[in-house]
Amino acid sequence: MVRVRPFELRWKRGEALSQGADAYTAAVETVEAANRKGVPLRLLGGQAIRYLTPDFPPRGRADQDMDFASVSTAKRPVTELLAELGFEGDRRFNNLHGHRQMYFRSPGDGTSVDVIMDRLQMCHVLEFSFRIERMPVTLDATDLLLSKLQVVEQNEKDVHDIVYLLAAYEVREGDEPGTIGLARLTEVLGADWGWWRTATGNLDRVVELARGELSRLLPAAAPHDAVEQAVALRRHADAMPKTLKWKLRARVGERARWYELPEEVGH
């Protein structure tokens, strides 16, 4: 497992975020401030994976936006915390959609900030509310991997993030925080054929790309072989127990669309 370096919090009660901080630093400071107040807020997306893989070179693309995960029961304390830190909320949007997503602008440069509540609803639905506190700064490593495996129209940054997670965290039985837990994969993929179909297709694609034209994405001297771990996950996906619902949907197969194409919600 890659060692995650502790992040020195520079925010104190009544103070704003560090002046001149980039989006990544500001996002980490925000989560650390939330932890001090007992507010459930975690990094999501590329910034979460960057935090969990500090020994690997950051992606070439700058992480301009901030994405957080939280729970709908904490909507009010999350809103109050972000306001105290200087974030400006979209009041109309947050009143209408705050049970599932809230939108803010960061102080200073106006960086877009999304707070996703309870579940990630994209090509498939990933419930995370009951797992929000498994890791101190980010969403759970397995859930971050699933958030990338559910993308039907993958791009290079999605592949890059999957490769980094598989190079940094061990695939193993069970569901221990800080691992890629096979039990969690089974819970999600074994109950939904559509989820399984998208994830297995993406694992096949990642293996092909990492062995070929995107081999440059493999980090040197990584704790784990990302390709071997992807292959192990693919084998597990075939062997995992499946629910009756999964088996019934599998009979229909690709004759019916098995995923959603998410639309941006206007702010």
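Structure: see above.
Everything in this summary refers to the structure shown in the same document. Note that the coordinates shown come from a computational prediction; the quantities given were computed from them, not determined experimentally.

Conventions we followed
- Residues numbered from 1 in each chain as written.
- Predicted model: local features only at pLDDT ≥ 70, side-chain atom pairs only at ≥ 80, totals over all residues.
- Heavy atoms only, no water.
- Axes fitted to C-alpha atoms, helices over the stretch in contact; angles between N-to-C directions.
- Helix = DSSP H or I, 4+ residues; strand = E, 2+ residues; numbered from the N terminus.
- Parallel < 35°, antiparallel > 145°, perpendicular 65-115°, else oblique.
- Left-handed = near helix turned anticlockwise from the far one by under 90°.
- Contact = heavy atoms within 4.5 Å.
- Nonpolar A, V, L, I, M, F, W, Y, C, P; charged D, E, K, R; others polar.
- Salt bridge = Lys/Arg side-chain N within 4 Å of Asp/Glu carboxyl O.
- Buried < 20%, exposed > 50% of the residue type's maximum accessible area, 1.4 Å probe, protein only.
- Polar contact = N/O pair within 3.5 Å; in protein donor to acceptor, adjacent residues only side chain to side chain.
- Pairing = 2+ DSSP bridges.
- Core = buried A, V, L, I, M, F, W, Y, C linked by side-chain atoms within 4.5 Å.

So, the packing of helix 1 (residues 23-37) against helix 3 (residues 75-84)
Next up, step 1: In contact at an axis separation of 11 Å, helix 1 and helix 3 are set at 125° when each is read in the N-to-C sense. Looking at the two axes, helix 1 sits oblique to helix 3. Here helix 1 and helix 3 pass one another in a crossing that is right-handed. In this structure, helix 1 uses Thr30, Ala33, Ala34 and Lys37 to contact helix 3, whose residues at the interface are Leu81, Leu82 and Glu84.
Next up, step 2: Taken together, the residues of the contact of helix 1 with helix 3 break down into 4 nonpolar, 1 polar and 2 charged.

With respect to the pattern of salt bridges
Next up, step 1: As enumerated under the stated definition, the model contains 20 salt bridges in all.
Next up, step 2: A salt bridge links Arg131 to Asp140, with the nearest nitrogen and oxygen atoms 3.1 Å apart.
Next up, step 3: Owing to a relative accessible area of 4%, Arg131 belongs among the buried residues under this scheme.
Next up, step 4: In this structure Asp140 comes out as buried when scored by relative accessible area, which is 0%.

So, the side chain of Gln47
Next up, step 1: Tracing the chain through its elements places Gln47 in helix 2 (residues 46-52).
Next up, step 2: From its side chain, Gln47 meets the backbone oxygen of Asp65 in a polar contact 3.0 Å long.

Remarks on the pairing of strand 2 (residues 66-70)
Next up, step 1: For strand 2, a buried count of 4 out of 5 residues is recorded, marking the element as mostly surrounded by other parts of the structure.
Next up, step 2: Looking at chain direction, strand 1 (residues 42-43) and strand 2 are connected through 2 bridges and run antiparallel. Along strand 2, the bridge assignment pairs Leu43 with Phe68.
Next up, step 3: Of the strand pairs in this sheet, strand 2 and strand 5 (residues 112-117) are connected by 5 bridges, and their pairing is parallel. Its bridge partner lying in strand 5, Phe68 is registered against Val115.

So, the side chain of Arg131
Next up, step 1: Relative to the assigned elements, Arg131 resides in the loop between strand 7 (125-127) and helix 5 (141-149).
Next up, step 2: Within the structure, Arg131 has its side chain in polar contact with the side chain of Asp143 (distance 2.7 Å).
Next up, step 3: Among residues more than four places away in sequence, those in contact with Arg131 are Asp140, Thr142, Asp143, Asp175 and Arg184.

Description of the nonpolar core
Next up, step 1: Counting 81 residues, the largest nonpolar core has Leu43, Phe68, Val115, Leu189 and Leu233 as its most contacted members.
Next up, step 2: The greatest single-element share of this core, amounting to 9 residues, is contributed by helix 8 (residues 193-211).

Things to note about the packing of helix 5 against helix 7 (residues 182-189)
Next up, step 1: At their nearest, the axes of helix 5 and helix 7 sit 10 Å apart, and the two run at 40° to each other. On the basis of their axis angle, the class for helix 5 and helix 7 is oblique. Like other packed secondary-structure pairs, helix 5 and helix 7 cross with a definite hand, here right-handed. Contacts from Thr142, Asp143 and Leu146 in helix 5 reach Arg184, Leu185, Val188 and Leu189 in helix 7.
Next up, step 2: Taken together, the residues that form the contact of helix 5 with helix 7 break down as 4 nonpolar, 1 polar and 2 charged.

Structural measurements only, silent on function.
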